[in-house]
Every structure is written in structure tokens, then in C-alpha cells.
Amino acid sequence: AKQDGRNSFRFFAQEMQEHSLRSLQLSAALKDALSNDQFHLVYQPQLSLTDNAIVGAEALLRWEHPEWGAISPAEFIPLAEQNGLIVKIGEWVLQQVATQQKQWLSKGLPEIIVAINISALQFHQQNLVERISNIIQEAGVSPSNIEIELTEAVALKDPEVAGKTIDALSQQGFKVSIDDFGTGYSSMSYLKRFAVHKLKIDQSFIKDIVTDIDDQAIVTAIIQMAHSLHKTTIAEGVETQEQLEFLKEKGCEEIQGYWYSRPLVTEQFEVFLTTNKSN
Ligand code: C2E
Ligand code: CA
Ligand code: CA
Ligand code: CA
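This report concerns the structure included in the present document.

Conventions adopted
- Residues numbered from 1 in each chain as written.
- Chains lettered and ligands numbered in written order.
- Predicted model: local features only at pLDDT ≥ 70, side-chain atom pairs only at ≥ 80, totals over all residues.
- Heavy atoms only, no water.
- Helix = DSSP H or I, 4+ residues; strand = E, 2+ residues; numbered from the N terminus.
- Rg over C-alpha atoms; globule rule 2.2 N^0.38 Å.
- Buried < 20%, exposed > 50% of the residue type's maximum accessible area, 1.4 Å probe, protein only.
- Contact = heavy atoms within 4.5 Å.
- Areas by Shrake-Rupley, 256 points an atom, 1.4 Å probe, with all protein chains shown as cover.
- Lys, Arg positive; Asp, Glu negative; His and termini not counted.
- Charge placed at Lys NZ, Arg CZ, Asp CG, Glu CD.
- Phe/Tyr/Trp six-rings, centres within 6.5 Å; stacked < 30°, edge-to-face > 60°.
- Donors = N, O, S within 2.8 Å, 3.2 Å for Na, K, Ca; no water.
- Polar contact = N/O pair within 3.5 Å; in protein donor to acceptor, adjacent residues only side chain to side chain.
- Near = heavy atom within 4 Å.
- Nonpolar A, V, L, I, M, F, W, Y, C, P; charged D, E, K, R; others polar.
- Expected span 1.5 Å × (residues − 1).
- Pairing = 2+ DSSP bridges.
- Right-handed = clockwise from strand over helix to strand, strands pointing away.
- Axes fitted to C-alpha atoms, helices over the stretch in contact; angles between N-to-C directions.
- Parallel < 35°, antiparallel > 145°, perpendicular 65-115°, else oblique.
- Left-handed = near helix turned anticlockwise from the far one by under 90°.

## A look at the overall build of the protein chain
Alright, step 1. Secondary structure summary: the protein chain contains 12 helices and nine strands in total.
Alright, step 2. Taken over C-alpha atoms, the radius of gyration comes to 20 Å for the protein chain, in line with the 19 Å a tight globule of 279 residues would show.
Alright, step 3. In the protein chain, which comprises 279 residues, the share counted as buried stands at 46%.
Alright, step 4. Restricting to contacts in the protein chain with at least 6 residues of sequence separation, those with at least 24 account for 69%.
Alright, step 5. Carbon and sulfur atoms make up 51% of the accessible area of the protein chain, which amounts to about 14600 Å² in all.
Alright, step 6. Each charge sign in the protein chain was given a centre, from 23 positive and 37 negative side chains, and these centres are 3 Å apart.

Rendered as C-alpha cells:
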């Protein structure tokens, strides 16, 4: 047993080393990813359960490295957050989305809201609202077509400042939603103070919702609470008809997940938009 323990420790240490080596390599490679055009966005459609039509999409970042292939945002976003590149990357995402939306409008495609993810470092930038507004304005897109997704952790890093920033974003006409809702340390008083429009119920609660009575209770409570606070709800990670039916019965307004569509590259998304117009 002792021998085993030592072996598994050695194995663990080796894994750690490989892990941090990869992190270092990825972190360094990120520095050139923007200028070398290695990023692109995919768009995941969001379905309104009340209109039975597409209402929006979430823009999700993809990194295609010439040698290493596709690298998951779950892996590289934290690294970009650590080395500070996330601020530049985040602005690129916004610029890309705004330009894309302008193009879709001029092509006569239906107008939809595109949600983008904002990381902690970007959100707590000095003049965030001004910077975002400028990018949107330059592209000729209305703020009401942009939704800012924040996690609870991001908002609660400095609740005082976050509350003001969210208010300012709302005032400019942006939509604001709380991502991964239920997984953080949300306190009811913050929810009251943050002028967010939407709660995005985390996919971990949706996964087993058809069979797990605890998940059912939590999701039902989140939807009811959101409605009492005059906020809407979207459930993410919806993969089956049964999950959809449960959410619809509880009054959840929107869903996002593989059941409706996987994240799509621009060309695919345009086809989706054309074939899934209202009703
Ligand atoms: P997130 O914001 O919670 O995004 C939802 C994730 O769930 C996405 O993973 C999406 O592809 C995946 N997903 C969607 N529908 C389903 C489903 O039905 N089943 C399952 N199992 N998964 C589903 P993705 O694209 O790998 O992104 C991972 C995370 O990386 C995101 O989580 C977000 O936190 C971060 N991220 C992605 N793009 C950006 C970005 O542009 N900026 C920032 N700051 N973060 C980003
Ligand atoms: Ca998100
Ligand atoms: Ca999420
Ligand atoms: Ca997440």
C-alpha cells in the first residue's frame, strides 16, 4: 500500500508538472492568438417558450491553434484572465458581435439580442461602460441588442461598484443577466440591488431535472423568485424535450441548449435565423 501511495504521488506530481507546463504554453500562445486571427465566435440560439421563436443567441469564443487544434474556453479563459489578455479579447468579442449584428440587419435577417460573456477583470475596468458604448456606437448597433452576461462571482467581487456599473449599463439600454445562477454566493439583497433583467439558471440544475426532486425544487424556486422580482429566466443546458416541458410548465421564459441548437458558426447561424423566423 505504501508503495502504491508513493507511486500515485509520483504520478500526481508528474501530472501537476505537465498541467502547469501546458498552462504556461497556452498562456504564452494566447498573446499571439488575436493578431494571428486564431479566434472566432460561435452563436448558440435561444428559444422563447412563450413565442416559440428564436429570441437571441449567446456568443461563445473559440480558439483554434494551428498546432494544438481547438482549445476549450473553459481552459483558456481562466488563463487569459490571469495574464490580463481577457480585457483585449473581451473587447474583440464585443466588436465582432456588433459588426456581425450590423451585417445581419443589412442582410434583412431578423433582429435578435446577442449575449456576450464578460469576465471579472473586464467588468471591473475603470471606464467599462464608456468603452462598451463606444464600440457599439461605432458599429452602428443599438445597446438594446446586446446582453451582458455576468457571473455572480464577477458581480460580487465588489458589489458596490458592480451595482453602479450594472445600473449604468441598464441606463445605456444594455440588457444584463446573471450567468450560472445558483452556483455562486447570491444573496437576496444583492439580487434586489442589482438591476439585472434576467437570471440564467445554471445547467447543473437542469441536467437531472426530470428525475431529481431537489433540482426541481431549486429551479421552481428560482423561477418564482425571479418573477417576484420582475426578472425573467432562461435555462441553459437543455438537452431533452422532457426538460423543456418541465421548465415551460414552471413558467421559465427561455431555454438554451443542444435540444434547440448547438453553438453554430456564423454561416450556419444565418441559415438557422432564416429558417427559424418568428413561429
Ligand atoms: P457559459 O457562459 O456557462 O456557457 C455555456 C456553456 O455550455 C458553453 O460551453 C456551451 O457550449 C455549453 N452548452 C450549451 N448548451 C449545452 C447543452 O445542452 N449541454 C451541455 N452539456 N453544454 C451546453 P463553452 O462554449 O465551452 O464555454 C465554456 C465557458 O467559457 C462559458 O460558460 C464561459 O464561462 C466561457 N466563455 C466562452 N466564451 C467566452 C467569452 O467570449 N468571454 C468570456 N469571458 N468567457 C467565455
Ligand atoms: Ca454565459
Ligand atoms: Ca452559463
Ligand atoms: Ca458556466
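## Here we look at the packing of aromatic side chains
Alright, step 1. Enumeration according to the criterion identifies nine aromatic pairs in this entry.
Alright, step 2. Here Tyr 43 and Trp 104 contribute two aromatic rings whose centre-to-centre distance is 5.1 Å and whose plane-to-plane angle is 70 degrees, an arrangement assigned as edge-to-face. On the criterion of sequence distance, the pair formed by Tyr 43 in strand 1 (residues 39-48) and Trp 104 in helix 3 (residues 86-106) is long-range, its members being 61 residues apart.
Alright, step 3. Take Trp 104: its relative accessible area is 2%, and that puts it in the buried class.

## What to know about the coordination of the calcium ion (ligand 2)
Alright, step 1. With distances of 2.1 to 2.3 Å, the protein atoms coordinating the calcium ion (ligand 2) are Glu 58 (OE), Asn 117 (OD1), Glu 149 (OE) and Asp 179 (OD).
Alright, step 2. One chain supplies every donor for the calcium ion (ligand 2), spaced along it as E-x58-N-x31-E-x29-D.
Alright, step 3. A separation of 3.9 Å is found between the calcium ion (ligand 2) and the calcium ion (ligand 3), which share Asp 179 as a coordinating residue. On the criterion of sequence distance, the pair formed by Glu 58 in strand 2 (residues 53-65) and Asn 117 in strand 4 (residues 113-117) is long-range, its members being 59 residues apart.
Alright, step 4. Among the residues examined, Glu 58 registers a relative accessible area of 5% and is labelled buried.
Alright, step 5. The class for Asn 117 is partly exposed, based on a relative accessible area of 32%.

## Thoughts on the side chain of Glu 270
Alright, step 1. Relative to the elements of secondary structure, Glu 270 occurs in helix 12 (residues 266-275).
Alright, step 2. Within polar-contact distance, the side chain of Glu 270 engages the side chain of Lys 107 at 2.9 Å.

## Remarks on the coordination of the calcium ion (ligand 4)
Alright, step 1. Protein coordination of the calcium ion (ligand 4) is provided by Asp 180 (OD) and Asp 180 (OD), with donor distances spanning 2.9 Å.
Alright, step 2. Counting through the fold element by element, Asp 180 comes out in strand 6 (residues 175-181).

## Quick notes on the site of ligand 1
Alright, step 1. Taken together, 20 residues lie around ligand 1, and Gln 44, Leu 61, Arg 62, Glu 239 and Tyr 258 are the ones closest in.
Alright, step 2. Interatomic distance of 2.9 Å between a side-chain N/O atom of Arg 62 and an oxygen atom of ligand 1.
Alright, step 3. Residue Asp 180 places a side-chain N or O atom 3.3 Å away from an oxygen atom belonging to ligand 1.
Alright, step 4. Protein contacts shield 80% of the accessible area of ligand 1, which totals 810 Å² for the unbound molecule.
Alright, step 5. Within the residue set of the shell around ligand 1, elements represented by two or more residues are strand 2, helix 2 (73-83) and strand 6.
Alright, step 6. Per element, the largest residue contribution to the shell around ligand 1 is four residues, and it comes from strand 2.
Alright, step 7. Residue composition of the shell around ligand 1, grouped by class: eight nonpolar, six polar and six charged.

## Digging into helix 10 (residues 213-228)
Alright, step 1. Here helix 10 contains 16 residues, and its C-alpha end-to-end distance of 22 Å stays within 8% of the 22 Å for a straight helix at 1.5 Å per residue.
Alright, step 2. Where helix 10 is buried, its residues touch strand 6, helix 8 (188-193), strand 7 (198-201), helix 9 (203-206), strand 8 (232-236) and helix 11 (241-249).
Alright, step 3. Residue His 230 follows helix 10 closely and has a positive phi angle near 60 degrees.

## A short note on the pairing of strand 6
Alright, step 1. Burial runs high along strand 6: five of the seven residues are buried.
Alright, step 2. Of the strand pairs in this sheet, strand 6 and strand 7 are connected by three bridges, and their pairing is parallel. Among the inter-strand pairings, Phe 181 is bridged to a residue of strand 7, identified as Ile 201.
Alright, step 3. Note on the crossover from strand 6 through helix 8 to strand 7: the handedness is right-handed.

## Considerations on the packing of helix 3 against helix 5 (residues 128-139)
Alright, step 1. The contact between helix 3 and helix 5 brings their axes to 9 Å, and the two run at 30 degrees. Judged on the interaxial angle alone, helix 5 and helix 3 are roughly parallel. For the element pair helix 3 and helix 5, the recorded crossing hand is right-handed. Counting all contacts with helix 3, which are made through Glu 91, Leu 94, Gln 95, Ala 98, Thr 99 and Lys 102, the residues of helix 5 involved are Arg 131, Ile 132, Ile 135, Ile 136 and Ala 139.
Alright, step 2. Classifying every residue of the contact of helix 3 with helix 5 gives six nonpolar, two polar and three charged.

In short, geometric facts, not functional conclusions.
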